[in-house]
Amino acid sequence: MDALAPVPLNDGHTLPALGFGTWRVSGEDAAEQVRSALGAGYRLIDTAASYGNEAEVGRAVATSGVPREEVLVTSKLRGADQGYDAALRGFERSLGALGLDRLDLYLIHWPLPARDLYVDSWRALVRLREEGVVRSVGVSNFTAAHLDRLVAETGVTPAVNQIELHPGFVQEEMRAANAARGVVTQSWGPLGRGKGLLETAEVRAVAAAHGVSPARAVLRWHHQLGVVPLPKSADPRRRRENLDIGGFVLTGEEMAVLGTLPQRRLGGDPDTHEE
Ligand code: NDP
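None of the values given here were measured: they were computed from a predicted structure.

Novice: Explanation requested: the site of the ligand in the structure shown.
Specialist: The immediate surroundings of the ligand are formed by 28 residues, with Asp 46, Leu 191, Arg 193, Ser 233 and Arg 238 found nearest. Between the ligand and the protein, one listed contact pairs an oxygen atom with a side-chain N or O atom of Asp 46 at 2.7 Å. Between an oxygen atom of the ligand and a main-chain N or O atom of Leu 191, the distance comes to 2.7 Å. Starting from 910 Å² of accessible surface for the ligand in isolation, the protein chains cover 86%. Of the pockets mapped on this structure, the ligand occupies the largest pocket. By residue class, the composition of the shell around the ligand is eleven nonpolar, eleven polar and six charged.

Next up, the structure:
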């Protein structure tokens, strides 16, 4: 496997080019998967307060044998903890559950515009970064308008915006909006969440042309778009496979073909989603 260059952030730090997702994995399964992912070579682990697995993720990081300073842990502020004081308390709970003394990346999970608390929440995240208990701060599922409001009201641009992104939902405008503001895009649901993307003729043809699996072809597509995918797999062999995206390059035509699949959002709409 070729090493993939780390991705620079607007705050001077970097992110690994690919991370491991932990949505809907709990209990001993979560601890086992994260420990095994770290053993396989993942160095960015994505969790969230609302996943209910921070304790297991933290335990896996602590017992993986990989030095803490080599691992980046992301967590996310849940909707119930939005607001300035509530966000500070929510962060303390997450850090306590994880058993860590600092977080590497902390995101506002959803903007929840109807509640109109995301700017206050953002001020709390900025304070946590200034205090040194969070290395980088960012958001998830934010639109360009949400990003602009944060910047206008606080002067601080998020380092990351984690959005739904896969060949079945290519998010061209949102990727461009993030890039124009110096925000790194992370892809959630990068493999299409097990809903048929990897079985499409287009993905299979591109994969076959390189002698790789459909998942590797799709993750390479993310990498060549300059975004950071966060694939999840319960299967150790697939976890290793998903890391192995460095030894081949998709042509411009193949990149374009993967962008022509029917487009459909699989998750919530940032303007209306409620947690
Ligand atoms: P993914 O797109 O990562 O898809 C996971 C599915 O793909 C599973 O069914 C898995 O099955 C399958 N899969 C994984 N690897 C392979 C492979 N090599 N070959 C064939 N199938 C494979 O979906 P997620 O929704 O989990 O998204 C990834 C992560 O993004 C989450 O875990 C979470 O961390 C984050 N996320 C963030 C959100 C946000 O609002 N910020 C929302 C949703 C997710 P199997 O396990 O059997 O291998």
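Novice: Explanation requested: the environment of Glu 202 in the structure shown.
Specialist: Assignment of secondary structure puts Glu 202 in helix α7 (residues 201–210). Counting along the chain gives 60 residues from Glu 202 to Phe 142, while the straight-line C-alpha distance between them is 29 Å.

Novice: Could you clarify how one ought to interpret the packing of aromatic side chains in this entry?
Specialist: Working definition: an aromatic ring pair is given by the centre-to-centre distance plus the angle between the planes. Tallying each qualifying case throughout the model produces three aromatic pairs. Taken together, a centroid distance of 5.1 Å and an interplanar angle of 65° make the contact between Phe 91 and Tyr 106 edge-to-face. Linking Phe 91 in helix α3 (residues 84–98) with Tyr 106 in strand β6 (residues 103–108), this pair joins segments that are 15 residues apart in sequence. Under the relative-accessibility criterion, Phe 91 is labelled buried at 0%. Note on Tyr 106: relative accessible area 0%, which makes it buried. Above the face of the Trp 23 ring, Arg 193 is positioned so that its terminal group lies 4.3 Å from the ring centre.

Novice: I tried to follow the sheet that holds strand β7 (residues 134–140) on my own but got confused; where do I start?
Specialist: Where strands meet in a sheet, backbone hydrogen bonds hold them as pairs that are either parallel or antiparallel. With parallel pairing, the eight strands of this open sheet are ordered in space as β3-β4-β5-β6-β7-β8-β9-β10. The sheet terminates laterally at β3 (20–21) and β10 (228–229), the two strands that pair on one side only. With respect to the sheet, helix α6 (residues 172–180) is in contact with β8 (160–164) and β9 (184–188), its orientation differing from that of β8 by roughly 175°.

Novice: Any chance you could explain the environment of Arg 220 here in plain terms?
Specialist: Along the chain, Arg 220 falls in helix α8 (residues 214–225). Relative accessible area serves as the criterion here: at 9%, Arg 220 is assigned to the buried category. Sequence spacing of Arg 220 and Asp 120 is 100 residues, and the spatial spacing of their C-alpha atoms is 37 Å. Those residues within four positions of Arg 220 in sequence are excluded, and the remaining contacts are Leu 4, Ile 245, Gly 246, Phe 248, Val 249 and Leu 250.

Novice: I would appreciate a short explanation of the environment of Thr 14 in the present structure.
Specialist: Looking at the element boundaries, Thr 14 is found in strand β2 (residues 14–15). Considering only alpha carbons, one finds Thr 14 and Ala 159, 145 residues apart in sequence, at a separation of 9.7 Å. Contact partners of Thr 14, with chain neighbours within four places excluded, come to Pro 6, Val 7, Pro 8, Leu 9, Leu 72 and Arg 135.

Cut-offs and rules
Residues numbered from 1 in each chain as written. Predicted model: local features only at pLDDT ≥ 70, side-chain atom pairs only at ≥ 80, totals over all residues. Heavy atoms only, no water. Near = heavy atom within 4 Å. Polar contact = N/O pair within 3.5 Å; in protein donor to acceptor, adjacent residues only side chain to side chain. Areas by Shrake-Rupley, 256 points an atom, 1.4 Å probe, with all protein chains shown as cover. 1 Å grid on protein atoms, 1.4 Å probe; cavity = no way out; pocket = protein on both sides within 12 Å on 5 of 7 lines; lining within 4 Å. Sits in = over half its atoms within 2 Å of the grid points. Nonpolar A, V, L, I, M, F, W, Y, C, P; charged D, E, K, R; others polar. Helix = DSSP H or I, 4+ residues; strand = E, 2+ residues; numbered from the N terminus. Phe/Tyr/Trp six-rings, centres within 6.5 Å; stacked < 30°, edge-to-face > 60°. Buried < 20%, exposed > 50% of the residue type's maximum accessible area, 1.4 Å probe, protein only. Lys NZ or Arg CZ within 6 Å of the ring centre and 35° of its normal. Pairing = 2+ DSSP bridges. Contact = heavy atoms within 4.5 Å. Axes fitted to C-alpha atoms, helices over the stretch in contact; angles between N-to-C directions.

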